[in-house]
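Close look at the chain arrangement
Residue strings, one per chain:
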Amino acid sequence: MNRTPHHHPLALRRSVLSVPAINTRALAKSATLDCDTIIFDLEDSVLPEKKAEARAALVAHFQGLDRSGAHEYVIRINPLDGPDGALDLEAVLDCMPDALLLSKVSAPQDVLTVADWLSEAGADEGPRLWAMVETAAGLLNLAEIAETGRTHGGRLDCFVVGLNDLRKETGIADIPGRPFLVPLLLQVVVAARASGLDVIDAVFNDFSDTDGLEAESRQGRQMGFDGKMLIHPAQIAIANEAFGVTEAEAAEALAIVAAFDAPENAGKAVVELAGRMVEKLHAEQAGRVLAKADLINERKKKA
Ligand SMILES: CC(C)(COP(=O)(O)OP(=O)(O)OC[C@H]1O[C@@H](n2cnc3c(N)ncnc32)[C@H](O)[C@@H]1OP(=O)(O)O)[C@@H](O)C(=O)NCCC(=O)NCCSC(=O)C[C@H](O)C(=O)O
Ligand SMILES: [Mg+2]
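Heads up: these notes are all about the structure in this document. (Residues numbered from 1 in each chain as written. Chains lettered and ligands numbered in written order. Predicted model: local features only at pLDDT ≥ 70, side-chain atom pairs only at ≥ 80, totals over all residues. Heavy atoms only, no water.)

1. A word on the site of ligand 1
Condition: Near residues are defined by distance, with any heavy atom within 4 Å of the molecule or strand qualifying the residue. In protein, a polar contact means a hydrogen-donor-capable atom and an acceptor-capable atom, both N or O and within 3.5 Å, with residues adjacent in sequence counting only if both atoms are side-chain atoms; elsewhere, any N or O pair within 3.5 Å suffices. Areas reported here follow the Shrake-Rupley algorithm with a probe of radius 1.4 Å; residue values treat only the protein chains shown as occluding. Secondary structure follows DSSP: runs of H or I at least 4 residues long count as helices, runs of E at least 2 residues long count as strands, and numbering of each begins at the N terminus.
Surveying the vicinity of ligand 1 reveals 23 residues, the closest of which are Ser18, Arg25, Arg76, Ile231 and His232. Arg25 is positioned such that a nitrogen or oxygen atom in its side chain is 2.7 Å from an oxygen atom of ligand 1. Between ligand 1 and the protein, one listed contact pairs an oxygen atom with a side-chain N or O atom of His232 at 2.7 Å. Summarising the interface, the protein chains cover 69% of the accessible area of ligand 1, which totals 1,000 Å² for the free molecule. Of all the secondary structure elements, the ones that give two or more residues to the shell around ligand 1 are β1 (15–20), α1 (24–30) and α7 (163–170). Of the residues forming the shell around ligand 1, the biggest block, 4 residues, is contributed by β1.

Right, here's the structure in full:
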């Protein structure tokens, strides 16, 4: 797998919906929804006394899942230093999702312990790993955590920001436009990209505020995020649009690729396009835009 910066394998993760594993109605509904990724949550959306019931509901749900569909499946487990983390891992082996989302990751060892556990359990080809960035320590150790994506079988694929926990721990205010959080969010994006990881922006709690979600999704896209974690079906279309490819973006990408393919530009590293300088790196970026547009079209066909 090519993991140089900005060349991580392209996956469609515009809309990443969290579904509480305890909620059987939501579990059933999730199969019908147009999100790219589903995170089945065993952590904060499940009360401690309901964890076992949620694990059982999740295993039953996976038994009936049609894995040929368009969704990517992720299970968020409880921290391993608590009473449920190890039990969640056992349940994961019965489900074999595409990835595990580790909550409250604060140090590289949090990722490596699970990577080793999966290897020892014989799941070498099994789930990839995603990590929640939602603690102050996790932010301080970002680069080292991200770098585990290149070691221990390179299981780490993606960061997901958890601002509810981060605001709780740090006291940073919840203000529209996220003025005091933006510097931290950008650090997460940069650390993810330096190690070739995908990176998903945090949930927007007020699911009845569509304008607010639109604005925050646009901001997330501008900061470089690949998609947004969501909590309600009504948020999916907004995230798909904000993190999708517009017709104008696709047309521009095609024009850039065509400019470099033109015979008169053969052998050139820099060309002129509509009065602008365009370099080979823009052609690479354009290629990713077009590949993403293809993935979106493929997804539409499968939905
Ligand atoms: C927030 C909710 C509790 C609201 O639920 P509800 O009042 O039932 O919503 P609706 O009546 O509007 O629901 C309409 C139908 O949609 C289904 N539904 C609702 N939410 C989901 C969902 N997430 N996935 C699938 N389906 C969903 C309802 O079942 C209704 O269906 P039907 O009756 O058949 O028509 C609820 O939306 C919810 O629980 N959301 C997810 C909460 C969650 O996962 N929390 C954890 C993730 S947030 C996080 O991780 C924070 C992070 O860690 C951090 O620190 O920031
Ligand atoms: Mg959290």
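Moving on, there is more to tell.
2. Concerning the pairing of strand β8 (residues 227–230)
Keep this limit in mind: Following DSSP output, two strands are said to pair if at least two bridges run between them. If you view a crossover with the strands going away from you and the path from the first strand over the helix to the second runs clockwise, you call it right-handed.
Across 3 bridges, β1 lies against β8 in parallel orientation. Along β8, the bridge assignment pairs Leu17 with Leu230. Relative to β8, strand β7 (residues 198–201) runs parallel, the two being bridged by 2 bridges. Bridged to Ile200 within β8 is Gly227. Running through helix α9 (residues 210–223), the crossover from β7 to the neighbouring parallel element β8 is right-handed.

3. Concerning α9
We apply this condition: Take the number of residues in a helix, subtract one, and multiply by 1.5 Å to get its expected span. Exposed residues in this analysis have more than 50% of their type's maximum accessible area, buried residues have under 20%, and partly exposed residues fall in between, with area computed by a 1.4 Å probe over protein chains only. By construction, the arc corresponds to the directions joining the helix axis to the C-beta atoms. Note on contacts: a residue pair qualifies if any of its non-hydrogen atoms lie within 4.5 Å across the two residues.
A rise of 1.5 Å per residue sets the reference length of α9, with its 14 residues, at 20 Å; its end C-alpha atoms lie 20 Å apart and thus fit the reference within 8%. Along α9, the positions that sit buried rather than exposed are Gly212, Leu213, Glu216, Ser217, Gln219, Gly220 and Met223. Along α9, the residues classed as buried sweep out an arc of 160° about the axis, all on the same side. Across from the buried face of α9, at angles greater than 90 degrees, the exposed residues are Asp211 and Gln222. Residues of α9 that are buried make contact with α8 (182–194), β7, β8 and α10 (236–242). Where α9 starts, the residue carrying a side-chain oxygen 3.4 Å from the main-chain nitrogen of Asp211 turns out to be Asp209. Backbone geometry just downstream of α9 places Gly224 in the positive-phi region, at approximately 110°.

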